[in-house]
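Here is how the chains run, residue by residue.
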Amino acid sequence: MTTLLYGRPPAVFDPPGAATQVSPLVPGATALEDVAEGSVDDIMVYAPPGVLERRYTLALALRALKVGGRLDVMAPKDKGGSRLKKELEAFGVEIGETAKAHHRRCVVIRPETLTGIDEAIAGGAPRIVPGLEAWSQPGVFAWDRIDPGSALLAEHLPPMKGGGVDLGCGYGALSVVTLRSPAVTALRLIDLDRRAVEAARRNVEDPRATFEQADVRLVEDTGDRDFVVSNPPFHDGGAEDRRLGQAFIRKAAGLLKKGGVAWIVANRHLPYEAELNEAFKRVRMVADAGGYKLFEAVK
């Protein structure tokens, strides 16, 4: 019996312990896109909040199920859960819906015939985004636009030199800017999201770049990098978590050699100054504009 699990549902939903993880936000997980059609008995999905991303995931899950296979999907009511039943009905399936722990939960038995699957998969697939002229995908951070924080950092970033790291690289926008300096010898691009890493790999065509899907918080403190650039995330599972950005700051310091420099941008309301001053020898606010703060921090 083949069982898949997408994401990390709350324990109250009794997620299967022996399932194969297929979330793009779990390093080492199997890609749901690569699961053979009609090969799976059961799938539990903790549905993502974005509409295109959620419909894409549901369509891939239904496609992977055997006829008669079971899809068990849930989401917080205010992050897509209230839409689950209607979105699933559009695929031509019958749904049993319940409510629990501020979530909506839908159970589907896969019928012989599905409708709208190919359209939903195409709607959430990787593509070159018009205006960006870069590869991206729904679900990736700021997937279809230039994030204002990254734009502020790119505007003020001086030419870097030596070996560096882009922490939380997204689809690679900051890395493209960083690698314009011929004095950069190497750049590690690290992101938790497999889709972001795959997009960055297509966007950053430079032999100095290497790509890693990893939880930044668990990356080894090498203490040998000359510079770090980062626009740290501050949401975890849809909820604001300032500890994420603080962890990125500590990791930047751990990766840098003495005298190395970190360029970090953050939303103005996030209190990162204490963490920066504790982790670095010298901290300078370079810019405060458009709701964002940009710091240069020297170890």
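Everything discussed here concerns the structure shown above.
Rules behind the numbers
Residues numbered from 1 in each chain as written. Predicted model: local features only at pLDDT ≥ 70, side-chain atom pairs only at ≥ 80, totals over all residues. Heavy atoms only, no water. Helix = DSSP H or I, 4+ residues; strand = E, 2+ residues; numbered from the N terminus. Rg over C-alpha atoms; globule rule 2.2 N^0.38 Å. Buried < 20%, exposed > 50% of the residue type's maximum accessible area, 1.4 Å probe, protein only. Contact = heavy atoms within 4.5 Å. Areas by Shrake-Rupley, 256 points an atom, 1.4 Å probe, with all protein chains shown as cover. Lys, Arg positive; Asp, Glu negative; His and termini not counted. Charge placed at Lys NZ, Arg CZ, Asp CG, Glu CD. Pairing = 2+ DSSP bridges. Right-handed = clockwise from strand over helix to strand, strands pointing away. Axes fitted to C-alpha atoms, helices over the stretch in contact; angles between N-to-C directions.

Account for the overall build of the protein, naming residues and giving values.
If you tally the helices and strands in the protein, you get 8 helices and 17 strands. For 299 residues, the compact-globule estimate of 2.2 N^0.38 gives 19 Å, and the C-alpha radius of gyration of the protein, at 21 Å, lies within 12% of that figure. The principal-axis extent of the C-alpha atoms belonging to the protein is close to 60 × 40 × 35 Å. Relative to its full complement of 299 residues, the protein shows a buried share of 52%. For the protein, long-range pairs separated by at least 24 residues make up 63% of all intrachain contacts whose partners lie at least 6 apart in sequence. Total accessible area on the protein stands at roughly 13800 Å², and carbon and sulfur atoms take up 51% of it. Once the 39 positive and 40 negative side-chain charges of the protein are each reduced to a mean point, those two points are 4 Å apart.

I'd love a proper account of the environment of threonine 2, names of residues and values included.
Along the polypeptide, threonine 2 turns up in the segment before strand E1 (3-6). Since its relative accessible area comes to 34%, threonine 2 is described here as partly exposed. Separated by 39 residues in the primary sequence, threonine 2 and aspartate 41 have C-alpha atoms spaced 5.2 Å apart. Here threonine 2 is in contact with Ser39, Val40, Asp41 and Asp42, once residues within four sequence places are set aside.

Account for the pairing of strand E11 (residues 209-213), naming residues and giving values.
Across 5 bridges, strand E10 (residues 184-191) lies against E11 in parallel orientation. By the bridge assignment for E11, arginine 188 is matched with threonine 210. A crossover links E10 with its parallel partner E11, the connecting element being helix H6 (residues 194-203), and its sense is right-handed.

Describe the sheet that holds strand E6 (residues 103-109), with residues and values.
Overall, mixed pairing links the 6 strands, which are arranged E2-E1-E3-E4-E6-E5 in an open sheet. Looking at strand neighbours, the two that pair on one side only are strand E2 (20-21) and strand E5 (95-100), the edges of this open sheet. Across 2 bridges, the pairing between E1 and E2 is parallel. Bridge pairing links leucine 4 to threonine 20 in E2. On the sheet, helix H1 (residues 51-64) packs against E1, strand E3 (40-46), strand E4 (65-76) and E6 and is oriented at approximately 155° with respect to E4.

Mind laying out the sheet that holds E10, listing which residues take part and the relevant values?
Read across the sheet, 7 strands follow the order E11-E10-E9-E12-E15-E17-E16 without closing on themselves; strand pairing throughout is mixed. Every interior strand has two partners, whereas the edge strands, E11 and strand E16 (282-289), have only one. When the angles between neighbouring strand axes are averaged without regard to direction, this sheet yields 15°. One ladder, built from 7 bridges, connects strand E15 (residues 256-267) with strand E17 (residues 292-298); its direction is antiparallel. From the neighbouring strand, valine 265 faces E17, where its bridge partner is leucine 294. Along the sheet, H6 makes contact with E10 and E11, crossing E11 at roughly 165°. Its contacts with the sheet place helix H7 (residues 242-255) against strand E9 (162-167), E10, strand E12 (225-230) and E15, and it is angled at close to 160° to E15.

Taken by themselves, the reported measurements are silent on function.
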